[in-house]
Amino acid sequence: MSGPENIPFRALRGFHAIVEAGSVTEAARRLTLSQPALSRMLAQLETQIGFDLFFRDHGRLVPTQEGLLLFEEVDMSLASVERIHSLVRDIADFRVGHLKLVAPPSFSEGVLPDIVAAFVGRFPKIRLTIDSRSVESAKALISTRAVDGGFLKLPLDRPDLRAQKVVSSATVCVLSDRNPKSRQPVLTPALLRGEALILLGLGRMSRGQIEMAFTNVGVRPDVRFETHTVGSACALAARGLGIALVNELLASSYLRPGLIQVPFEPVVSNDYAFVTSALSTPTRMASEFLKETERHFAASRYATKITQ
């Protein structure tokens, strides 16, 4: 049953156009309708609402008092609809939005700035938040969708997380160029026997792999310093306090004059993934950030090290 509560929005838009244009002919042109079609639409609207919207004065349409009252409301409604359409376009074109990520401190400081700069260059209106948490806290934030995504070291062993590997890099030895071992082309556990070592904290998979490399050749590592960030490990190494065994990718941002890196063997790989919740589809912004991340590493010297 048709009634005032079921007015077609198209009819209200036609009525609005007639008042603004001052004639059915001009309004029809603006709406790309035929004049008879718009006239029928107006007649049907007046029948449906039960009162006249215009006086017919020698072929001219003059809004009635009721028509003017309705026009004011329709005008505001159409403005609101246009704002909604504008917002939809902005969202679709990434002109508004807030991307929330989580990443380890060393990754945020050494790797992400270049990726973020490229991403913001493409989408300058996007807000971006980067948080740093413990590994388990980061996994919880991602799985519960408190953040859009993040960077975590593989493997994850979590069915509620979706991981896309983005980069792989080896463990290297970072040390002062005053250390005689800095002239070695490669450093092994045997060559590091008795050397003061700087390792990242216990519980990390890479830490276990490093210690296993020493154990396999019967060498006990002399761990003098333990820290939780690559930056602090490199800072200690720069002061000649020991040799840091750290991720090459993350260490590269902390190298400075007098501080060098030497490959470590056997190879201990560090694999990072961009991670999103497996419980939902990644947000459009998270998907675009992943694409930017993949472009960044594809153009870097780590590109050949990525295996899917």
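Scroll up a little and you will see the structure.
Computed from a prediction, not measured in an experiment: that's the story for all the values here.

Colleague: So, the overall build of the protein: which residues are in play, and what are the values?
Modeller: Counting its regular elements, the protein contains eleven helices and eleven strands. The C-alpha radius of gyration computed for the protein amounts to 33 Å, which surpasses the reference 19 Å derived for 308 residues by more than 25%, pointing to a less compact arrangement than a globule. A total of 308 residues make up the protein; the buried ones form 40% of that total. Across the protein, contacts joining residues at least 24 apart in sequence account for 74% of those joining residues at least 6 apart. For the protein, the accessible area works out to roughly 16,300 Å², and carbon and sulfur atoms hold 55% of it. For the protein, the centre of its 36 positive side-chain charges and the centre of its 31 negative side-chain charges are spaced 8 Å apart.

Colleague: Tell me about helix α3 (residues 35-49), and please be specific about residues and values.
Modeller: The end-to-end C-alpha separation of α3 is 21 Å, in line with the 21 Å expected for 15 residues at 1.5 Å each. Listing the buried residues of α3 in full gives L38, M41, L42, L45, E46, Q48 and I49. In a view along the axis of α3, the buried residues occupy a sector of 165 degrees, so they form one face of it. Residues of α3 that are exposed and point more than 90 degrees away from the buried face comprise Q44 and T47. Check the buried side of α3 and you find it contacts α1 (9-21), α2 (24-30), β1 (54-57) and β2 (60-63). Two residues or fewer after α3 comes G50, characterised by a positive phi angle close to 90 degrees.

Colleague: Lay out the nonpolar core in plain terms, naming residues and giving numbers.
Modeller: In this structure, F107, V174 and F289 are the most contacted members of the largest nonpolar core, which totals 38 residues. Look past the residues within four positions of V174 in its chain and what remains in contact with it is C234, A237, G242, I243, A244, V246, A251, L255, L259, I260 and Q261.

Colleague: I'd love a proper account of the layout of surface pockets, names of residues and values included.
Modeller: To find leftover empty space, a probe the size of one water molecule is rolled over the atoms. Considering only enclosed or pocket space, the largest pocket measures out at about 770 Å³ in volume. If you trace the largest pocket, you find 37 residues lining it, with V135, K153, R204, M205 and Y272 closest to the centre. Within the residue set of the lining of the largest pocket, elements represented by two or more residues are α5 (105-110), α7 (135-143), β5 (149-153), α8 (205-216), β9 (243-247) and β11 (269-277). Tallied by class, the residues present in the lining of the largest pocket amount to 20 nonpolar, ten polar and seven charged.

Colleague: Any chance you could break down the packing of aromatic side chains for me, citing the residues and the numbers?
Modeller: Applying the stated criterion across every chain yields a total of nine aromatic pairs. Residues F151 and F289 carry aromatic rings whose centres are separated by 6.3 Å and whose planes lie at 65 degrees to one another, so their mutual orientation is edge-to-face. With a gap of 138 residues between them, F151 in strand β5 and F289 in helix α11 (residues 284-298) connect regions that are remote in the sequence. Judged by its relative accessible area of 1%, F151 falls in the buried class.

Colleague: How would you sum up the pattern of salt bridges? Please name residues and give values.
Modeller: When the charged atoms of two side chains with opposite charge come close together, those side chains can pair. Taken as a whole, this structure holds 15 salt bridges when the rule is applied. Measuring nitrogen to oxygen at the nearest pair gives 2.9 Å for the salt bridge that ties E292 to R122. Taken together, the positions of E292 in helix α11 and R122 in helix α6 (residues 112-122) put the pair 170 residues apart, joining distant regions of the chain. Residue classification places R122 among the partly exposed positions, given a relative accessible area of 36%. What you see here is one network of salt bridges that share partners, running through R122, E288, K291, E292 and R295.

Colleague: So what's going on with the pairing of β5? Residues and values would help.
Modeller: Of all five residues that make up β5, four are buried, and the element is covered over most of its length. Looking at chain direction, strand β3 (residues 98-102) and β5 are connected through two bridges and run parallel. Bridge assignment links L101 to a residue of β5, and that residue is G149. Looking at chain direction, β5 and β11 are connected through four bridges and run antiparallel. Bridged to L152 within β11 is A273.

What counts and how
- Residues numbered from 1 in each chain as written.
- Predicted model: local features only at pLDDT ≥ 70, side-chain atom pairs only at ≥ 80, totals over all residues.
- Heavy atoms only, no water.
- Helix = DSSP H or I, 4+ residues; strand = E, 2+ residues; numbered from the N terminus.
- Rg over C-alpha atoms; globule rule 2.2 N^0.38 Å.
- Buried < 20%, exposed > 50% of the residue type's maximum accessible area, 1.4 Å probe, protein only.
- Contact = heavy atoms within 4.5 Å.
- Areas by Shrake-Rupley, 256 points an atom, 1.4 Å probe, with all protein chains shown as cover.
- Lys, Arg positive; Asp, Glu negative; His and termini not counted.
- Charge placed at Lys NZ, Arg CZ, Asp CG, Glu CD.
- Expected span 1.5 Å × (residues − 1).
- Arc of directions from axis to C-beta.
- Core = buried A, V, L, I, M, F, W, Y, C linked by side-chain atoms within 4.5 Å.
- 1 Å grid on protein atoms, 1.4 Å probe; cavity = no way out; pocket = protein on both sides within 12 Å on 5 of 7 lines; lining within 4 Å.
- Points joined across faces, edges and corners; volume = space filled by probe spheres on them.
- Nonpolar A, V, L, I, M, F, W, Y, C, P; charged D, E, K, R; others polar.
- Phe/Tyr/Trp six-rings, centres within 6.5 Å; stacked < 30°, edge-to-face > 60°.
- Salt bridge = Lys/Arg side-chain N within 4 Å of Asp/Glu carboxyl O.
- Pairing = 2+ DSSP bridges.

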